[in-house]
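Structural features, examined
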Amino acid sequence: MECSAGEFKHRAAQKLGDVKLQAALRRLQDKFVDGRAAALAELDGFDSLADAAAAVRERALADLDGYLLRFEREAIARGAHVHWAETGADANRIVVEIAAAHGVRTAAKSKSMVSEECGLNHALEQAGIRVTETDLGEYILQLAQEPPSHIVAPVVHKSKEEISELFHEKHHTPRKTDIAELCREAREVLRPAFLGADMGISGANFLVAETGSAVIVTNEGNGRLVTTLPRVHVVITGIEKVVPTLEDLATLLRLLPRSATGQAITNYVSLLTGAKGERDPDGPEQMHVILLDNGRSRLLGDELQSILRCIRCGACMNHCPVYQNVGGHAYGWVYPGPMGSVLTPAYQGLENALDLPHACTMCGACGAVCPVRIPLPDLLRRLRERQTERGLRPWRERLALRLWAWTAKRATLYAVGTRAAAWLLARAGGKDRLLHRLPGAAGWSAGRDMPAPPGRTFRDLYRERGRR
Amino acid sequence: MSARQRILARIAAGLGHGAEAGANGAVDGYIERHPRGPVPRRAPDLVPRFREQAERLSSTVLEVPAPGPVPAAVAAYLAAHGLGTETVCWPDLAGLPWAASGVRAAARPARAGDMVGITGAFCAIAETGTLMLLSGEDTPATVSLLPETHVAVLPAARIVPAMEDAWDLLRAERGVPPRAVNLVSGPSRTADIEQTVTLGAHGPYRMLIVLTGEDFDDV
């Protein structure tokens, strides 16, 4: 997927004024934020479980090569093929080659953010292969030709009326108003796509090194269909998804659905290990696993390494006051919200996502809800520092900070300057003691007033107290 | 150098260990031990806990004393929901007296158009009301997936407290996982449209779980 994170400010401003989007985002908060809280309350303790989950992920990362090699060995022993891809383009090429080798003309996909990263659908279509997204949300987006706006609920930005209109237009069926009817219609339209597909493509929420299994966590059952019916199954996933053992998987599964949608467990958790055996009556004849790097290995040993623990639950974005107001599309790449504001600069280049680490109020909510203890606010702060270190901030900001530093280092000048500024601002505040306009920050003051300082500086007050 | 070698070399360099350190024995040693993480403590009564959780996920749970009465219980459920009498079932379960209860059970993988699928389960997990289904020669994965109604039959004695116990059982009885291990917790659902939960997405719309008091082997 093309990265347009550079347009964050412009897009965010648009999204703030989008009434429909604002209503959709409020719904997300009601369902996912409250749902998560209720689901976690059932556990004996979130903290001990989150500590254990973070330890599982850190263990896997600390010996990532070892666990990947063990995964590869076990998967091959069970008849799967394992491919390694350095970039999204490499992954796409591998899928196209597999398709060509097995005469694949149609593919059915379950939701995979890694495939969005690669732009896989486009590459398959270029190769003449018809791809159908089968996750309801992703299917709606494929019809509408839009990217997902949330990693768990990709179509959160659309209302049922918009979806009804879209189905009416694309399926040539009468307009439906009931959500259950819309779901039934999608089921009926998509069933032939499952039954007729030559290739099933899925992501993997986890890879289990112990058994060589790919694990997919789904509710709709489409993940099961695309990994059972087509004769070729391709898993495309990131190298960081490996976990050591089935017990470690159990620990993470206690937190992933609860953190994501407030479910104690998803309807389906499928462990897929190898191709169908001689005596198996169903299942794919071929299983291929593509392990994608695409910038991940560079983060090992780096200060940002902990972002590789991420299990893609989406809790950080659900709780983020910025995401809650601008939605996922404003972020401009596959991963939105706090985790995306770390991943996008990390994978797409710091200079291509300058605003994302700043799209954060440092409220700390993302770090507090993260089930694998990723210190997201720290990582975002570190990215801000890197921008400054590399001279990537705008010249006006750099000049302003340099001026401030120059003044702050001169005690007398600083005292005089602040006193003058406080006096001026107090005058400007007038009777109601509010500043209606701030020079250089018109956007900020367009929707709110700045309380004016009362006219005396901290130093004045400090001196007065000392006298008493 | 292949992509595989380059990726592994970058990982090793990032982690600050030698290229061959991936095979340092710590990995295999840890997997060999496979220690458990914190497992939530629950009441020891597995059947009530399983039933409570499964019902929360919109499944119907019936208990019968032995495998013999299963077909009659299933027939009553199908009749009550107007689901007909045509079913497809795991070859594993073909031996139950289906015909005597007026249920036609075709022992084969499911196809498009099958309306009711009857399966067993390898075991069940009380913590979350989950069934563990293993794919295999006589246990095709499609039967629990394609039909709109999924009926699962298993001995109540196969309910274990937590997922970790199910993995232990799998290791003890099968060694390695079969092609597909499916943990199934209620009928399929989606909340993609306006975050409103709707049952019956791409899998079954409804689910009946029949727990038998005696093991199948006892019959």
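What comes next is a walk through the structure.

The rules we used
Residues numbered from 1 in each chain as written. Chains lettered and ligands numbered in written order. Predicted model: local features only at pLDDT ≥ 70, side-chain atom pairs only at ≥ 80, totals over all residues. Heavy atoms only, no water. Pairing = 2+ DSSP bridges. Helix = DSSP H or I, 4+ residues; strand = E, 2+ residues; numbered from the N terminus. Axes fitted to C-alpha atoms, helices over the stretch in contact; angles between N-to-C directions. Buried < 20%, exposed > 50% of the residue type's maximum accessible area, 1.4 Å probe, protein only. Expected span 1.5 Å × (residues − 1). Arc of directions from axis to C-beta. Contact = heavy atoms within 4.5 Å. Phe/Tyr/Trp six-rings, centres within 6.5 Å; stacked < 30°, edge-to-face > 60°. Lys NZ or Arg CZ within 6 Å of the ring centre and 35° of its normal.

Strand pairing within a sheet occurs via backbone hydrogen bonds; the two strands may be parallel or antiparallel. Residue and element names in this part refer to chain A. Pairing is parallel across the open sheet formed by six strands, whose spatial order is β1-β10-β7-β4-β2-β3. Because the sheet does not close on itself, it has two edges, and the strands there are β1 (81-85) and β3 (130-133). Within the sheet, the average angular offset between the axes of one strand and its neighbour, ignoring direction, is 20 degrees. Summarising the sheet, strand β2 (residues 106-109) and β3 pair through four bridges and their orientation is parallel. Residue pairing for β3: Lys109 is matched across the bridge by Glu133.

The subject of this paragraph is the environment of Asp178 of chain A. All names here are of chain A. Considering the arrangement of structural elements, one finds Asp178 in the loop between α9 (160-171) and α10 (179-196). Looking at Asp178, the relative accessible area reads 37%, which means it is partly exposed. Once the C-alpha coordinates of Asp178 and Lys160 are considered, the two residues, 18 residues apart in sequence, prove to be 8.2 Å apart.

Looking now at helix α5 (residues 163-174) of chain B. Counted at 1.5 Å a residue, the expected span for α5 of chain B with its twelve residues is 16 Å, and the 16 Å between its end C-alpha atoms agrees. Inspection of α5 of chain B places Met163, Glu164, Ala166, Trp167, Leu170 and Arg171 of chain B among the buried residues, and these make up the whole buried set. With its buried residues spanning 160 degrees around the axis, α5 of chain B presents them on a single face. Packed against the buried residues of α5 of chain B are α12 (246-261) and β9 (268-272) of chain A together with β5 (123-125), β6 (130-134), β8 (159-160) and β9 (180-184) of chain B. Where α5 of chain B terminates, the next one or two residues include Gly175 of chain B, which has phi positive at roughly 80 degrees.

Okay, unusual backbone geometry next. For Asn294 of chain A, which is not glycine, the phi dihedral falls at a positive 50 degrees. Residue classification places Asn294 of chain A among the buried residues on the basis of a relative accessible area of 17%.

Our focus in this paragraph is the packing of aromatic side chains. One pass over the structure, following the stated rule, counts six aromatic pairs over all chains. Centroid distance Trp333 of chain A to Tyr347 of chain A: 6.4 Å. Interplanar angle 85 degrees. Geometry classified as edge-to-face. Taken together, the positions of Trp333 of chain A in the loop between α14 (323-326) and α15 (337-348) and Tyr347 of chain A in helix α15 put the pair 14 residues apart, joining distant regions of the chain. Considered together, Trp333 of chain A and Tyr347 of chain A belong to a single accessibility category, that of buried residues. For the cation-ring pair, Arg59 of chain A lies above Tyr30 of chain B, with the distance from its terminal atom to the ring centre recorded as 3.8 Å. Directly above the ring of Tyr335 of chain A sits Arg312 of chain A, whose terminal nitrogen or CZ lies 4.7 Å from the centroid.

These figures capture arrangement, not role.
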